[in-house]
Amino acid sequence: MSTPPHLDPRLLRAFVTVAEELHFTRAAVRLYVAQQALSRDVRRLERELGADLFVRTTRQVTLTADGVRLLPYARRVLDAQEELLAAFGQARPLLVDLNSPGLGTPRRVLHRARELAPQHELMARYESGLTGAAAELLAGRLDASFGRFAGLDPALRSGLEQQIVRYEPMAVVLPQAHRLAALEAVPLDALAGETVYAGAGNPRTPEWTDLARWLFAGRGIEVAAPAPLAVGDEEFERIMARTGCPVLAVVDFPDMPRSVRRPLVDPVPLSPVSLVWRKGLAHPALAALRRAAAGLAAEEGWLRRPAGGWLPALDTNLPSVHI
């Protein structure tokens, strides 16, 4: 593979996007270009480098050995270009996944980051769960997300970095007529014999279902069977009225109609919330997001664990990048 005197960064971006998607149509949609134009750019790059970068068949697209060799170099060139543009006030927006509208911790971090870096655009996205967001992070369609990092598949974790933000106390959302709704706080033992919804079957949130299984183990609490995801207040109210099933949540979960949210106690279960981003991501607004997370954690005591607080062992020993 020979190197020409000059390489158009647009060609490298076309190559990297196809390499990440391994599908020309999806890559074209992501780049907002026609598929023919994308194919033309990739062929031009191959001519300029004197190497085939992809093996194309009617069924699949795969990288050649030269394509694999080029990929890390191309990413570094594009990251350097982003840093250069950022230095002159031309950085692209930082895309930040908040999981779901109304969740307090990610939203507060984003708002603080916007205050710290008003010269940059930080745009919210909603991917429902960290597993769903992780694939988007690795593909470059998202820049940052929040959630339980230890609950991700190790193959996903290997391409990501994380900064622990909060050990958030957990709660349960109950129908107003539920036998435990009158309590100010619900002891975990009081849920014995209950079936509690914790997102089972939702492919975007297995890390949350896994946390529930760790919490419920040996306590006589069942994880509710997979069910269609209720989107929006009206659907949530309808499903809760039909099933009467408690829902595992966090203390900052938004209020829902005809239901009550009660903190869980004895012990206080904790949901570990990390800020997560793709390894090697170079964007000036990411630094502001990380500073915002660290600042709020210090001010609010988000990383202090209550006496006797519960946390899975898996979540206590993961290395976290500190600012």
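Residues numbered from 1 in each chain as written. Predicted model: local features only at pLDDT ≥ 70, side-chain atom pairs only at ≥ 80, totals over all residues. Heavy atoms only, no water.

I keep staring at helix α3 (residues 35-49) and nothing clicks. Help me out?
The end-to-end C-alpha distance of α3 is 21 Å, a good match for the 21 Å that 15 residues give at a rise of 1.5 Å each. Among the residues of α3, those classed as buried are Leu38, Ser39, Asp41, Val42, Leu45, Glu46 and Leu49. Down the axis, α3 shows its buried residues gathered within 160 degrees of arc, on one side only. With respect to the buried face of α3, the exposed residues turned more than 90 degrees away are Gln36 and Arg47. Once α3 finishes, glycine 50 follows within two positions and takes phi at roughly 70 degrees, a positive value. (Helix = DSSP H or I, 4+ residues; strand = E, 2+ residues; numbered from the N terminus. Expected span 1.5 Å × (residues − 1). Buried < 20%, exposed > 50% of the residue type's maximum accessible area, 1.4 Å probe, protein only. Arc of directions from axis to C-beta.)

Would you take a moment to explain the environment of valine 16 for this structure?
Here valine 16 shows up in helix α1 (residues 9-21). For valine 16, a relative accessible area of 6% gives the class buried. Each C-alpha atom of the pair valine 16 and alanine 74 lies 6.9 Å from the other, and the pair is 58 residues apart in sequence. With residues up to four places along the chain from it excluded, the contact list for valine 16 reads Leu71, Ala74, Arg75 and Leu78. (Contact = heavy atoms within 4.5 Å.)

Is there a simple way to explain helix α6 (residues 130-138) in this structure?
Within an α-helix, residues lying three or four positions from one another point in the same direction, as the helix has 3.6 residues per turn. Within α6, 7 of the 9 residues are buried, which leaves the element mostly enclosed by the surrounding structure. Listed as buried for α6 are Leu130, Thr131, Gly132, Ala133, Ala134, Glu136 and Leu137. Buried residues belonging to α6 abut β3 (94-97), β5 (144-147), α7 (154-157), β6 (160-175), α8 (206-216) and β12 (270-278). Backbone geometry just after α6 places glycine 140 at a positive phi near 85 degrees.

I tried to follow the pairing of strand β10 (residues 247-250) on my own but got confused; where do I start?
In summary, the side chains of a regular strand alternate between the two faces of the sheet. Where burial is concerned, the two faces of β10 agree: the one with Val247 and Ala249 and the one with Leu248 and Val250 are both buried. Examined bridge by bridge, β6 and β10 share 4 bridges and lie antiparallel to one another. Along β10, the bridge assignment pairs alanine 171 with alanine 249. (Pairing = 2+ DSSP bridges.)

Before we go on, may I ask you to explain the packing of helix α5 (residues 104-116) against helix α10 (residues 284-300) in this structure?
Geometrically, a packed helix pair is captured by the angle between its two axes and the distance between the axes. One way to put it is that α5 packs onto α10 with a least axis distance of 8 Å and a crossing angle of 120 degrees. What the angle tells us is that α5 and α10 run oblique. Here α5 runs over α10; the crossing is right-handed. The segment α5 lies against α10, with Arg108, Val109, Leu110, Arg112, Ala113 and Leu116 engaging Ala288, Leu289, Arg291, Ala292, Ala293, Gly295, Leu296, Glu299 and Glu300. Counted by class, the contact of α5 with α10 contains 9 nonpolar, 1 polar and 5 charged residues. (Axes fitted to C-alpha atoms, helices over the stretch in contact; angles between N-to-C directions. Parallel < 35°, antiparallel > 145°, perpendicular 65-115°, else oblique. Left-handed = near helix turned anticlockwise from the far one by under 90°. Nonpolar A, V, L, I, M, F, W, Y, C, P; charged D, E, K, R; others polar.)

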